[in-house]
Amino acid sequence: MFYRYIVIERGRVKTYYITMSPIEIKQTPQGCIEEKHMSVMSFSIPRTIYYGEGALEKLSLLKGKKAALVTGGSSMKKFGFLDQAEALLKKAGISSILIDGVEPNPSVETVMRGAKEMLAFEPDWIVAIGGGSALDAAKVMWCFYEHPEISFESIIEPGSMPPLRNKARFIAIPSTSGTASEITAFSVITDTKSHIKYPIVSPDMVPDIAILDPNIPMTMPAHITANTGMDVMAHAVEAIASVAATSFTDPYAIEAMRLVLENLPTAYKEPKNIVAREKMHEASALAGMAFTNASLGLVHSMAHKIGGEFGVTHGLSNAILLPYVIAYNRKVSDKYAYAEKLLGIKDISVEIQRLNKEMDIPLTFKDCTEVDFSEEKFLAVLDRMSEHAFEDPCTLTNPGAPTVADVKMIFEAAYYGKAIK
Ligand code: NDP
Ligand code: MN
């Protein structure tokens, strides 16, 4: 099985876990979580990945009749990539419609609007170009284009999405180097009525083709480069330490770490450096290949919840949390030492803090000025945030058996800059 839906009961509290990881997880009579690798595992990535400067040109070789181009706000239009994509599709003899205006953290309404436009036009290709938000929205539009009779509620449970590719295939062209939505079986869609962000999981949503053209992320502003770049590092580091990591996922994560260490500061300081941009774009996809198959850990569990409470950017939270979670996990995992040996570095945490300093990322939440991180508010939400982070599905694949108290201790350490006990 590719993913599981798990219910763990602690007293009267039921926790629902969703995981893509091929592991079996049980609760022991003592209340601990038992993890066991399953004997049959799977590894899914796009069938074709075009990468390198000018990779966008590959659109002109597509075989088909009609394409629906899906994008975000204005950036792809403004920098000319949307016009290029339309022209290349035209060269391939493919007529296209544009579905734009996908907002950051895309909503169910946006997804339904796009699906309706697809139903009217009947494309045989869906071409998503933009950040993770545009790619994620396009993936779920695709599902409702293929299956207009089903509801959003019916695809929330992992494994519940009906098969895709009866009407169209999917191309993803990322414009940020971070989420790796062009690789993954995930899409994050927000229900604006309930304010809940739903991770939609289906191996069918892994795109058919990913196009990694470094000219496209070149227009990202410096702070987005820094934050999304540290998200890539977090994906790689967490995929390495994950209890579902295997020999199929480790090599991609190690290479992604190497590429981020060597290229992120340059991409940040010299936005037009094509080599650094290309390597970061590839690092993002490689880390995606690792984490879509091995899942993540506490850095993401905690970043999701501190992001929810304070509105702090995802990659920025990850960058701050990483050294603290590594210090905590090192007690039970030898995977950091394994990665350090292969990368020829002494201490991955020191390297991460070096990157943070070079890109003006603070080392603690207390010193983070992006949002209001007052001590009063931090202490007021700390218990709730720790419980919610503990319950996040990413906690399941973190090494060891972290408790709510451990999560709270790590949050405190990352807020004040204290050492991990
Ligand atoms: P977004 O797609 O939300 O884009 C953020 C901003 O960056 C937008 O204003 C966008 O502008 C702008 N932008 C994007 N590319 C460029 C560029 N090349 N030049 C200039 N500006 C640009 O950001 P992310 O890529 O970080 O995606 C975040 C989303 O991905 C969230 O919804 C998150 O939950 C989800 N996610 C998905 C994962 C998955 O596996 N599917 C994994 C992790 C997160 P404009 O809109 O005008 O294009
Ligand atoms: Mn992430």
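See the structure printed just above.
Undergrad: For the pattern of salt bridges, give the residues involved together with the corresponding values.
TA: Under the defined criterion, the tally for this structure stands at 17 salt bridges. Here Lys269 ties to Glu358 by a salt bridge, and the two come within 2.8 Å at their closest N and O atoms. A residue pair is termed long-range when its members are at least 10 positions apart, and Lys269 in helix H6 (residues 250-269) and Glu358 in helix H11 (residues 348-358) qualify at 89 residues. For Asp367, the salt bridge is made with Lys366, and the minimal N-O distance between the two is 3.6 Å. The class for Asp367 is partly exposed, based on a relative accessible area of 46%. Taken together, the shared-partner salt bridges connect Lys269, Glu351, Arg354 and Glu358 into one network.

Undergrad: Account for the site of ligand 1, with residues named and values stated.
TA: The immediate surroundings of ligand 1 are formed by 26 residues, with Ser75, Gly132, Ser133, Ser175 and Thr176 found nearest. One of the backbone N or O atoms of Gly73 is found 2.7 Å from an oxygen atom in ligand 1. Here ligand 1 loses 81% of its free accessible area of 940 Å² to cover by the protein chains. Broken down by secondary-structure element, the contributors of at least two residues to the shell around ligand 1 are helix H1 (75-78), helix H4 (132-146) and strand S10 (186-191). When residues of the shell around ligand 1 are assigned to their parent elements, the largest contribution, 3 residues, is made by H4. Taken together, the residues of the shell around ligand 1 break down into 10 nonpolar, 14 polar and 2 charged.

Undergrad: How would you explain the nonpolar core if you had to name every residue and give the values?
TA: Grouped together as the largest cluster of nonpolar side chains are 80 residues, with contacts concentrated most on Met230 and Met233. Apart from the residues lying within four places of it in its own chain, the contact partners of Met230 are Leu264, Gly315, Asn318, Ala319, Leu322, Ile352, Leu355, Asn356, Met359 and Ile361. In terms of nonpolar packing, the next biggest core, distinct from the first, is built from 30 residues, Val70, Val102, Phe144 and Ile155 among them.

Undergrad: Describe in detail the side chain of Thr228, supporting the description with residues and values.
TA: Its place among the elements puts Thr228 in helix H5 (residues 222-241). Judged by its relative accessible area of 17%, Thr228 is buried. When sequence neighbours within four positions are dropped, the list of residues in contact with Thr228 reads Ser177, Gly178 and Met220.

Undergrad: How would you sum up the packing of aromatic side chains? Please name residues and give values.
TA: Within this structure, the stated rule accounts for 10 aromatic pairs. The interplanar angle of 45 degrees and the centroid separation of 5.3 Å between the aromatic rings of Phe365 and Phe373 together place this pair among those described as tilted. Taking the relative accessible area as the measure of exposure, Phe365 reaches 0% and is therefore buried. Exposure remark for Phe373: the relative accessible area of 6% places this residue in the buried category. An angle of 90 degrees between the planes, with centres 6.3 Å apart, marks the rings of Phe378 and Tyr416 as edge-to-face. Taken together, the positions of Phe378 in helix H12 (residues 375-391) and Tyr416 in helix H13 (residues 404-416) put the pair 38 residues apart, joining distant regions of the chain.

Undergrad: Give me the side chain of Glu340: which residues, what numbers.
TA: Within the secondary structure layout, Glu340 lies in helix H10 (residues 335-343). By relative accessible area, which is 6% here, Glu340 ends up buried. Non-local contacts of Glu340, meaning those with residues more than four positions away in its chain, are made with Arg330, Ile345, Lys346, Asp347 and Ile348.

Undergrad: Describe empty space enclosed by the protein, with residues and values.
TA: This model, assessed by the stated rule, comprises 1 cavity of 30 Å³ or more. In this structure, the largest cavity occupies an estimated 60 Å³ of space. The wall of the largest cavity is formed by 16 residues, among which Glu238, Ala241, Asn329, Tyr336 and Asn398 lie closest to the centre. The set of elements that each furnish at least two residues to the lining of the largest cavity consists of H5, helix H8 (298-310) and helix H9 (314-329).

What counts and how
Residues numbered from 1 in each chain as written. Chains lettered and ligands numbered in written order. Predicted model: local features only at pLDDT ≥ 70, side-chain atom pairs only at ≥ 80, totals over all residues. Heavy atoms only, no water. Salt bridge = Lys/Arg side-chain N within 4 Å of Asp/Glu carboxyl O. Helix = DSSP H or I, 4+ residues; strand = E, 2+ residues; numbered from the N terminus. Buried < 20%, exposed > 50% of the residue type's maximum accessible area, 1.4 Å probe, protein only. Near = heavy atom within 4 Å. Polar contact = N/O pair within 3.5 Å; in protein donor to acceptor, adjacent residues only side chain to side chain. Areas by Shrake-Rupley, 256 points an atom, 1.4 Å probe, with all protein chains shown as cover. Nonpolar A, V, L, I, M, F, W, Y, C, P; charged D, E, K, R; others polar. Core = buried A, V, L, I, M, F, W, Y, C linked by side-chain atoms within 4.5 Å. Contact = heavy atoms within 4.5 Å. Phe/Tyr/Trp six-rings, centres within 6.5 Å; stacked < 30°, edge-to-face > 60°. 1 Å grid on protein atoms, 1.4 Å probe; cavity = no way out; pocket = protein on both sides within 12 Å on 5 of 7 lines; lining within 4 Å. Points joined across faces, edges and corners; volume = space filled by probe spheres on them.

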